[in-house]
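Below, each chain spelled out in residue letters.
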Amino acid sequence: MTAAIHDTADPGQRKHARGQRTRAIILDRAARIAIAEGLEGLSIGRLADDLGMSKSGLFAHFGSKEGLQIATVAFSRDRFKREVIDQVAGHVPSPGLSRLWALANAYLERVEQNAARGGCFLYNVSAEFDARPGAVRDAVAASLSAWLDALEANVRAAVVNGELAPGTDIRLLTFELSALLFAANRHSLLLDDNNAFDMARRAAAQLLRRVMTNEEPLELPSFPAN
């Protein structure tokens, strides 16, 4: 006679896991709205209608419109880190030029894939909140800083590794590279420029070649399909 299999998970843990799954579904929808319409387009009422949920249920998760906005920024930041920064690091284990080039291309690929839904979440909300002090702006700034830090760390490593010329202005190169990447998002969406991503790749490659210490081609790792 087979013994019955019992679910030994704590009821509180199961409830918490369900709550986390529900929260992720809510924030994924919130991020999609914010990409297309901005964080100001987000409200608990709007999101409740979209998801067929009660306003009181959403209010219990976030407390206010500002709480919802901040949670959406944090959710998008964590997803970007997991799906871009961490994935690249998993395929290019050593910091430096190869990882820097892979990060730039992974960003462009992601934004190009999301162009029909509004492009880059970070670029869009940065433009929306850059001159508006407050907790939402602080959350957006922290997200932007995390992306710039990832680029800068690899520029610095490339200089230390001897892949980029000694004396390379690390902060300036990071600034120039990030500006090129964000420009692709803007030109693609605002100017309907179908060549924006290709031009950004070529411009980024030229930028790096100016300070590279050898003439080897910039190569990308092979990434599995998501």
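Summarised in this report is the structure supplied together with it. (Residues numbered from 1 in each chain as written. Predicted model: local features only at pLDDT ≥ 70, side-chain atom pairs only at ≥ 80, totals over all residues. Heavy atoms only, no water.)

Considerations on the pattern of salt bridges
- On inspection of all chains with the given rule, the structure shows twelve salt bridges.
- Close ionic contact of E37 with R46 constitutes a salt bridge, the shortest N to O distance being 2.8 Å.
- One salt bridge in this structure joins R46 and D50, with 3.4 Å as the shortest N-O distance. Highlighted residues: R46 and D50, both in helix α2 (residues 44-51), separated by four residues, approximately one helical turn. (Salt bridge = Lys/Arg side-chain N within 4 Å of Asp/Glu carboxyl O. Helix = DSSP H or I, 4+ residues; strand = E, 2+ residues; numbered from the N terminus.)

Some thoughts on the packing of helix α5 (residues 97-113) against helix α9 (residues 196-209)
- In contact at an axis separation of 10 Å, α5 and α9 are set at 165 degrees when each is read in the N-to-C sense. Here α5 lies roughly antiparallel to α9, going by the angle between them. For the pair α5 and α9, the sense of crossing is right-handed. Counted together, L97, L100, W101, N105, L108, E109, V111 and E112 of α5 and F197, A200, R201, A204, A205 and L208 of α9 form the full contact between these two elements.
- In terms of residue class, the contact of α5 with α9 is made up of ten nonpolar, one polar and three charged. (Axes fitted to C-alpha atoms, helices over the stretch in contact; angles between N-to-C directions. Parallel < 35°, antiparallel > 145°, perpendicular 65-115°, else oblique. Left-handed = near helix turned anticlockwise from the far one by under 90°. Contact = heavy atoms within 4.5 Å. Nonpolar A, V, L, I, M, F, W, Y, C, P; charged D, E, K, R; others polar.)

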